[in-house]
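What follows is each chain in one-letter form.
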Amino acid sequence: GTLTIPSGVTVIGPRAFEGTGLTGLILPDTVTTINSRAFAGCTALAGTVRIPDSVTFLAEDAFDGSPVTLIFGDGDVTTDTDLPSTGTDIPSTDTDLPGGDIIITMTDLPEGIEYEMTDEGCVITGYTGKRDAELVLPAAINGIPVGAIGDYAFRGCIALASVTLPAAVTDIGNYAFMGCT
(Lines give C-alpha, C1' and ligand atoms only; values in the text may rest on other atoms or scores of the structure.)
Protein backbone atom coordinates (compact mmCIF):
# COMPACT_ATOMS: atom_id res chain seq x y z
CA GLY A 1 0.00 0.00 0.00
CA THR A 2 0.87 3.65 0.28
CA LEU A 3 3.24 4.76 3.03
CA THR A 4 2.54 8.17 4.55
CA ILE A 5 5.53 9.35 6.57
CA PRO A 6 4.21 11.30 9.56
CA SER A 7 4.93 14.99 10.02
CA GLY A 8 7.91 15.50 12.30
CA VAL A 9 10.12 12.86 10.67
CA THR A 10 13.27 14.59 9.41
CA VAL A 11 15.62 11.74 8.42
CA ILE A 12 14.94 8.54 6.50
CA GLY A 13 17.83 6.20 7.22
CA PRO A 14 19.87 4.03 4.89
CA ARG A 15 17.87 1.11 3.47
CA ALA A 16 14.89 2.00 5.67
CA PHE A 17 12.31 0.68 3.20
CA GLU A 18 14.54 -1.09 0.68
CA GLY A 19 12.81 -3.91 -1.19
CA THR A 20 9.42 -3.39 0.41
CA GLY A 21 6.15 -3.71 -1.48
CA LEU A 22 5.23 -0.03 -1.28
CA THR A 23 2.92 1.14 -4.04
CA GLY A 24 2.88 4.81 -3.04
CA LEU A 25 4.83 7.25 -0.87
CA ILE A 26 3.88 10.55 0.72
CA LEU A 27 6.66 12.61 2.33
CA PRO A 28 5.93 15.49 4.73
CA ASP A 29 7.56 18.92 4.47
CA THR A 30 9.62 18.09 7.58
CA VAL A 31 11.89 15.55 5.84
CA THR A 32 15.37 16.98 5.27
CA THR A 33 17.42 13.82 4.55
CA ILE A 34 16.77 10.71 2.46
CA ASN A 35 19.76 8.41 2.88
CA SER A 36 21.36 5.72 0.73
CA ARG A 37 18.99 3.13 -0.73
CA ALA A 38 16.13 4.28 1.51
CA PHE A 39 13.55 3.24 -1.11
CA ALA A 40 15.75 1.18 -3.45
CA GLY A 41 14.27 -1.93 -4.99
CA CYS A 42 10.68 -0.95 -4.26
CA THR A 43 9.56 -2.37 -7.59
CA ALA A 44 5.86 -1.79 -6.92
CA LEU A 45 6.45 1.91 -6.19
CA ALA A 46 5.07 3.38 -9.38
CA GLY A 47 3.65 6.75 -10.27
CA THR A 48 5.05 9.90 -8.72
CA VAL A 49 6.63 10.90 -5.43
CA ARG A 50 6.91 14.56 -4.46
CA ILE A 51 10.26 15.44 -2.90
CA PRO A 52 9.49 18.41 -0.64
CA ASP A 53 11.57 21.61 -0.71
CA SER A 54 12.67 20.78 2.86
CA VAL A 55 14.92 17.97 1.54
CA THR A 56 18.53 19.16 1.57
CA PHE A 57 20.18 15.75 1.10
CA LEU A 58 18.97 13.06 -1.30
CA ALA A 59 21.35 10.12 -1.68
CA GLU A 60 22.17 9.34 -5.29
CA ASP A 61 20.88 5.78 -4.88
CA ALA A 62 17.85 6.49 -2.67
CA PHE A 63 15.36 5.23 -5.28
CA ASP A 64 17.57 2.81 -7.26
CA GLY A 65 15.51 0.17 -9.03
CA SER A 66 12.20 1.78 -8.12
CA PRO A 67 10.17 2.70 -11.23
CA VAL A 68 9.03 6.02 -9.83
CA THR A 69 8.91 9.57 -11.14
CA LEU A 70 10.29 12.11 -8.69
CA ILE A 71 8.65 15.52 -8.60
CA PHE A 72 10.69 18.12 -6.78
CA GLY A 73 9.08 20.97 -4.82
CA ASP A 74 8.81 23.33 -7.79
CA GLY A 75 7.28 20.70 -10.04
CA ASP A 76 10.29 19.75 -12.18
CA VAL A 77 10.13 16.09 -13.08
CA THR A 78 12.89 13.52 -13.22
CA THR A 79 12.84 9.76 -13.28
CA ASP A 80 15.10 7.48 -11.29
CA THR A 81 16.89 6.57 -14.49
CA ASP A 82 18.03 10.21 -14.70
CA LEU A 83 19.70 9.96 -11.29
CA PRO A 84 23.16 8.44 -10.90
CA SER A 85 22.89 4.79 -9.87
CA THR A 86 26.33 4.33 -8.38
CA GLY A 87 29.12 6.46 -7.01
CA THR A 88 31.04 6.01 -10.23
CA ASP A 89 28.15 7.53 -12.19
CA ILE A 90 28.10 10.71 -10.16
CA PRO A 91 29.60 13.75 -11.86
CA SER A 92 32.90 14.93 -10.42
CA THR A 93 31.54 18.44 -9.87
CA ASP A 94 28.53 19.55 -7.85
CA THR A 95 25.31 19.05 -9.75
CA ASP A 96 21.97 20.61 -8.91
CA LEU A 97 19.09 18.23 -9.31
CA PRO A 98 15.96 19.66 -10.91
CA GLY A 99 13.97 22.03 -8.75
CA GLY A 100 15.94 22.56 -5.61
CA ASP A 101 19.04 23.03 -3.58
CA ILE A 102 19.82 19.32 -3.51
CA ILE A 103 23.44 18.68 -4.40
CA ILE A 104 25.09 15.35 -5.10
CA THR A 105 28.86 15.34 -5.06
CA MET A 106 31.40 12.75 -6.15
CA THR A 107 32.24 10.05 -3.65
CA ASP A 108 34.14 6.83 -3.98
CA LEU A 109 32.22 4.81 -1.44
CA PRO A 110 33.53 1.29 -0.90
CA GLU A 111 30.91 -1.37 -1.59
CA GLY A 112 29.01 -2.43 1.51
CA ILE A 113 29.55 0.71 3.59
CA GLU A 114 26.42 1.81 5.40
CA TYR A 115 26.16 5.32 6.77
CA GLU A 116 23.80 7.99 8.00
CA MET A 117 23.92 11.74 8.10
CA THR A 118 23.59 13.44 11.48
CA ASP A 119 23.79 17.03 12.67
CA GLU A 120 27.46 16.36 13.48
CA GLY A 121 28.31 14.91 10.05
CA CYS A 122 28.48 11.47 8.49
CA VAL A 123 28.61 8.33 10.66
CA ILE A 124 29.68 4.93 9.32
CA THR A 125 27.03 2.59 10.77
CA GLY A 126 27.82 -0.77 9.22
CA TYR A 127 29.68 -2.84 6.67
CA THR A 128 28.31 -5.66 4.52
CA GLY A 129 31.07 -5.82 1.92
CA LYS A 130 33.84 -8.31 1.27
CA ARG A 131 35.23 -9.64 4.52
CA ASP A 132 38.81 -10.02 3.27
CA ALA A 133 38.98 -6.45 1.99
CA GLU A 134 41.62 -3.86 2.66
CA LEU A 135 39.09 -1.14 3.41
CA VAL A 136 39.89 2.56 3.05
CA LEU A 137 37.04 4.69 4.37
CA PRO A 138 36.38 7.93 2.48
CA ALA A 139 37.09 11.31 4.10
CA ALA A 140 33.62 12.51 3.02
CA ILE A 141 30.41 11.05 1.66
CA ASN A 142 28.41 13.32 -0.62
CA GLY A 143 30.49 16.25 0.59
CA ILE A 144 29.85 15.58 4.31
CA PRO A 145 32.97 14.70 6.36
CA VAL A 146 33.04 11.24 7.94
CA GLY A 147 33.47 12.10 11.61
CA ALA A 148 32.45 8.94 13.44
CA ILE A 149 32.30 5.16 13.37
CA GLY A 150 29.03 4.02 14.92
CA ASP A 151 28.41 1.41 17.59
CA TYR A 152 28.90 -2.15 16.27
CA ALA A 153 29.73 -0.84 12.76
CA PHE A 154 32.33 -3.53 11.95
CA ARG A 155 31.42 -6.04 14.65
CA GLY A 156 32.17 -9.60 13.61
CA CYS A 157 34.15 -8.75 10.47
CA ILE A 158 36.59 -11.51 11.39
CA ALA A 159 38.54 -11.65 8.13
CA LEU A 160 38.78 -7.93 7.34
CA ALA A 161 42.40 -7.49 6.27
CA SER A 162 42.73 -3.82 7.22
CA VAL A 163 40.74 -0.64 7.80
CA THR A 164 42.09 2.86 7.19
CA LEU A 165 40.11 5.58 8.95
CA PRO A 166 39.93 9.14 7.63
CA ALA A 167 41.68 11.87 9.62
CA ALA A 168 38.38 13.61 10.45
CA VAL A 169 37.11 10.68 12.57
CA THR A 170 36.83 11.90 16.17
CA ASP A 171 34.49 9.27 17.61
CA ILE A 172 34.67 5.47 17.45
CA GLY A 173 31.55 3.90 18.91
CA ASN A 174 31.03 1.12 21.40
CA TYR A 175 32.01 -2.33 20.12
CA ALA A 176 32.78 -0.79 16.70
CA PHE A 177 35.42 -3.40 15.85
CA MET A 178 34.46 -6.14 18.32
CA GLY A 179 35.43 -9.58 17.07
CA CYS A 180 37.61 -8.33 14.21
CA THR A 181 40.36 -10.89 14.56
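One can find the structure itself at the top, above this paragraph.
Note that the structure is a prediction, hence the values are computed from the model and not measured.

1. Side note on the overall build of the chain
- Helix and strand content of the chain: 0 helices and 17 strands.
- Buried positions account for 43% of the 181 residues belonging to the chain.
- Put simply, of all contacts in the chain between residues at least 6 apart along the chain, 38% involve residues at least 24 apart.
- Put simply, the chain shows about 8,800 Å² of open surface, and 51% of that area lies on carbon and sulfur atoms.

2. Details of the nonpolar core
- Ranked by size, the top nonpolar core spans 41 residues in total, and within it Leu-25, Ile-34, Phe-39, Ile-51, Phe-63, Ile-124 and Phe-154 carry the most contacts.
- Of all the elements in the fold, those that place two or more residues in this core are strand S5 (48-51), strand S6 (57-58), strand S7 (69-72), strand S11 (113-118), strand S12 (121-127) and strand S15 (144-149).
- Look past the residues within four positions of Phe-39 in its chain and what remains in contact with it is Leu-3, Ile-12, Phe-17, Leu-22, Leu-25, Ile-34, Ala-62, Phe-63 and Ser-66.

3. Here's the deal with a nonpolar patch on the surface
- On the surface, Tyr-152, Tyr-175 and Met-178 cluster together into a nonpolar patch covering about 320 Å² of accessible area.
- Relative to the assigned elements, Tyr-152 resides in the loop between S15 and strand S16 (162-164).

4. Let's talk about the pairing of S12
- Counting buried positions over the 7 residues of S12 gives 6, a clear majority of the element.
- Here 6 bridges tie S11 to S12, and the two strands are oriented antiparallel to one another. Looking at the pairing, Ile-113 lines up with Tyr-127 of S12.
- Where S11 folds back on S12, the antiparallel hairpin that results is connected by 2 residues.
- Pairing geometry for S12 and S15, over 3 bridges, is parallel. The partner of Val-123 across the bridge, within S15, is Ala-148.

5. Looking at the pairing of S7
- Side chains Leu-70 and Phe-72 of S7 all project onto a buried face; the interleaved residues Thr-69 and Ile-71 project onto a face where none is buried.
- Where S5 meets S7, 4 bridges bridge the pair, whose relative direction is parallel. By the bridge assignment for S7, Ile-51 is matched with Phe-72.

6. Structural notes on the sheet that holds S6
- Strand order in the open sheet formed by 3 strands is S2-S4-S6, with parallel pairing between adjacent strands. Of all strands in the sheet, those with a lone pairing partner are strand S2 (11-12) and S6, marking the two edges.
- Two elements, strand S4 (residues 33-34) and S6, share 2 bridges in a ladder whose sense is parallel. Bridge pairing in S6 links Thr-33 to Phe-57.

7. A word on the pattern of salt bridges
- Tallied over the entire structure, the rule returns 4 salt bridges.
- Where Glu-18 meets Arg-15, a salt bridge forms, and the shortest distance between an N and an O atom there is 3.5 Å.
- The shortest N-O distance in the salt bridge between Arg-37 and Asp-64 comes to 3.7 Å. In this pair, Arg-37 sits in the loop between S4 and S5 while Asp-64 sits in the loop between S6 and S7, placing the two residues 27 residues apart along the sequence.
- Judged by relative accessible area, which is 21%, Arg-37 ranks as partly exposed.
- Judged by its relative accessible area of 13%, Asp-64 is buried.

8. Things to note about the environment of Glu-134
- You can see Glu-134 is positioned in strand S13 (residues 134-136).
- By relative accessible area, Glu-134 is classed as exposed at 65%.
- Each C-alpha atom, one on Glu-134 and one on Thr-164, is 8.1 Å from the other, the two residues being 30 residues apart in sequence.
- Ignoring sequence-local partners within four residues, the contact set of Glu-134 consists of Ala-161 and Ser-162.

Basis of the calculations
Residues numbered from 1 in each chain as written. Predicted model: local features only at pLDDT ≥ 70, side-chain atom pairs only at ≥ 80, totals over all residues. Heavy atoms only, no water. Helix = DSSP H or I, 4+ residues; strand = E, 2+ residues; numbered from the N terminus. Buried < 20%, exposed > 50% of the residue type's maximum accessible area, 1.4 Å probe, protein only. Contact = heavy atoms within 4.5 Å. Areas by Shrake-Rupley, 256 points an atom, 1.4 Å probe, with all protein chains shown as cover. Core = buried A, V, L, I, M, F, W, Y, C linked by side-chain atoms within 4.5 Å. Patch = residues over 30% accessible without salt bridge, like charges linked within 9 Å, V, L, I, M, F, W, Y side chains within 5 Å. Salt bridge = Lys/Arg side-chain N within 4 Å of Asp/Glu carboxyl O. Pairing = 2+ DSSP bridges.

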